[in-house]
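# Fold and geometry: a report
One-letter residues, chain by chain:
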Amino acid sequence: MVTLGRLDEIEDVSTVWHDKIRNFTEWLAKDENMQILSETVGIKIIVDEINEFDDKIFASELGTNRKIIIGSQLSETNNEYLGNLISSAAEKNTSVIIWIVRRAYPEHKAAVNWLNSNTDEKTEFYICDVKLYAIGGSASAIRFNALIKPRTKTSTSTGNPENIIYIENLRFEYWEKFQDYAFSDDAKNKKFAGSYKRWKNSSHYGVVFGIGRLGCNIQVTRMPDELETGLYIADDKTLFAYLLGRKNEIEAECGLSFSWRELPDGKACKVSVKKNYANINDRENWREQFDWIIDTLMREKEIFSKFIKEADND
């Protein structure tokens, strides 16, 4: 007979995060943990910085560079925190506001729904509650639930809703097929499969891979007509300057010619390479695109990891 454990909710989050807000924020900011929230809200979130004053996270959306603010209130919702979160969002000119709570009162759900209905198409508000569970003496598990999401919006720049749905479904299929290929038993992909893990698929613009350093990751961005991969540095101009100073060595070892640039927000930097003529509608070309992604990712991870470690040791 199979013995099943009992799933128990952990009410006191301080048993996991002793300083509830500070410890939780630091935990959430790690790439593998932010991925859980990304999957919940349907946005690929890249952490840019943590506000040390009030522990809010400022981030960007992969592919669009939309600005995101994440406020963590590990208690019941209240008017004061909502007002503070909106003020911070206005100060940073963010488009996406995510409010993480333990419990949301009906009046605050109604307020955020009202904001979604009465702000412009570019602004989105979310309320997510966080729950912790354990089975017996096992490690704790976390789950985010999106209690409030923005209304369905359409963009005049991307055409009618049918076209939007088509491209979203196509992106989903693209990354599904990529994973099937990259994590297959094909001998040439074994090194990639040994370096990365399957992820929960979505219709996002791209995917993010950790590189072992907070605020740095390798990104793959899937735009309609091209692919881009490279190193994203959230907020470390010193590291970017160090790598730029060794540009010739890095490009020689990678066998790639990178674009080195600071992004418009004035804090983030990106070192990337593009594959042009990589139309997502050209299914017959997908295998070639997949091979390019795998090969380029492996080179970038190996070489950037090496030079970042050298920068940290200098």
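The following paragraphs examine the structure supplied in this document. (Residues numbered from 1 in each chain as written. Predicted model: local features only at pLDDT ≥ 70, side-chain atom pairs only at ≥ 80, totals over all residues. Heavy atoms only, no water.)

Right, let's get into the overall build of the chain. Tallying secondary structure elements over the chain gives 9 helices and 12 strands in all. Across the 314 residues in the chain, those meeting the buried criterion constitute 47%. Accessible surface, the chain as shown: approximately 16100 Å² in total, 49% of it carbon and sulfur. (Helix = DSSP H or I, 4+ residues; strand = E, 2+ residues; numbered from the N terminus. Buried < 20%, exposed > 50% of the residue type's maximum accessible area, 1.4 Å probe, protein only. Areas by Shrake-Rupley, 256 points an atom, 1.4 Å probe, with all protein chains shown as cover.)

Attention shifts here to the packing of aromatic side chains. The final tally for this structure, using the stated rule, is 15 aromatic pairs. On the basis of an interplanar angle of 90 degrees and a centroid distance of 5.3 Å, the ring pair of Tyr174 and Trp175 is categorised as edge-to-face. Judged by its relative accessible area of 0%, Tyr174 is buried. A relative accessible area of 1% places Trp175 in the buried class. When the centroid spacing of 6.3 Å and the interplanar angle of 40 degrees are considered together, the rings of Trp286 and Phe290 count as tilted. Residue Trp286 and its partner Phe290 are both found in helix H9 (residues 286-313); the two are separated by 4 residues, about one turn of the helix. Across this residue pair, the class does not change: Trp286 and Phe290 are buried. Taken together, the ring pairs in this structure connect Tyr174, Trp175, Phe178, Tyr181, Phe183, Phe192, Phe209, Trp286 and Phe290 into an aromatic cluster. (Phe/Tyr/Trp six-rings, centres within 6.5 Å; stacked < 30°, edge-to-face > 60°.)

Taken as a whole, this structure holds 18 salt bridges when the rule is applied. Taking the shortest distance from any N to any O, the salt bridge between Glu61 and Arg66 comes out at 2.7 Å. Taken together, the shared-partner salt bridges connect Glu61, Arg66 and Glu124 into one network. (Salt bridge = Lys/Arg side-chain N within 4 Å of Asp/Glu carboxyl O.)

What follows concerns unusual backbone geometry. Not every positive phi belongs to a glycine, and Asn65 is a case in point at roughly 65 degrees. Along the chain, the position of Asn65 falls in the loop between strand S3 (57-61) and strand S4 (67-76).

Quick look at the pairing of strand S8 (residues 206-210) now. As judged from the 5 bridges shared by S8 and strand S9 (residues 216-222), these two strands associate in the antiparallel manner. For Phe209, the partnering residue across the bridge sits in S9 and is Ile218. Hairpin connection, S8 to S9: the antiparallel pair is bridged by 5 residues, and Gly212 has positive phi, about 85 degrees. (Pairing = 2+ DSSP bridges.)

Attention now goes to the environment of Ile294. Position of Ile294 among the secondary structure elements: in helix H9. Along the primary structure Ile294 and Lys191 are separated by 103 residues, whereas in three dimensions their C-alpha atoms are 9.5 Å apart. With near-sequence residues (within four places) excluded, Ile294 lies in contact with Phe178, Tyr181, Ala182, Asn189 and Phe192. (Contact = heavy atoms within 4.5 Å.)

Phe178, Phe192, Leu231, Leu243, Phe258 and Ile293 are the most contacted members of the largest nonpolar core, which has 44 residues in total. Of all elements in the fold, only helix H5 (161-182), S8, S9, strand S10 (227-233), helix H7 (237-245), helix H8 (247-254), strand S12 (269-275) and H9 reach the threshold of two or more residues within this core. Ranked by residue count, the leading element in this core is H9, at 12 residues. (Core = buried A, V, L, I, M, F, W, Y, C linked by side-chain atoms within 4.5 Å.)

Turning to the packing of H8 against H9, a few remarks are in order. Packed helix pairs are specified by the crossing angle of their axes together with the interaxial distance, meaning the distance between the axes. With their axes 9 Å apart at the nearest point, H8 and H9 run at an angle of 150 degrees to one another. The hand of the H8/H9 crossing is right-handed. Contact residues: H8 offers Glu249, Ile250, Glu253 and Cys254, while H9 offers Arg299, Glu300, Ile303, Phe304, Lys306 and Phe307. Broken down by class, the residue content of the contact of H8 with H9 amounts to 5 nonpolar, no polar and 5 charged. (Axes fitted to C-alpha atoms, helices over the stretch in contact; angles between N-to-C directions. Left-handed = near helix turned anticlockwise from the far one by under 90°. Nonpolar A, V, L, I, M, F, W, Y, C, P; charged D, E, K, R; others polar.)

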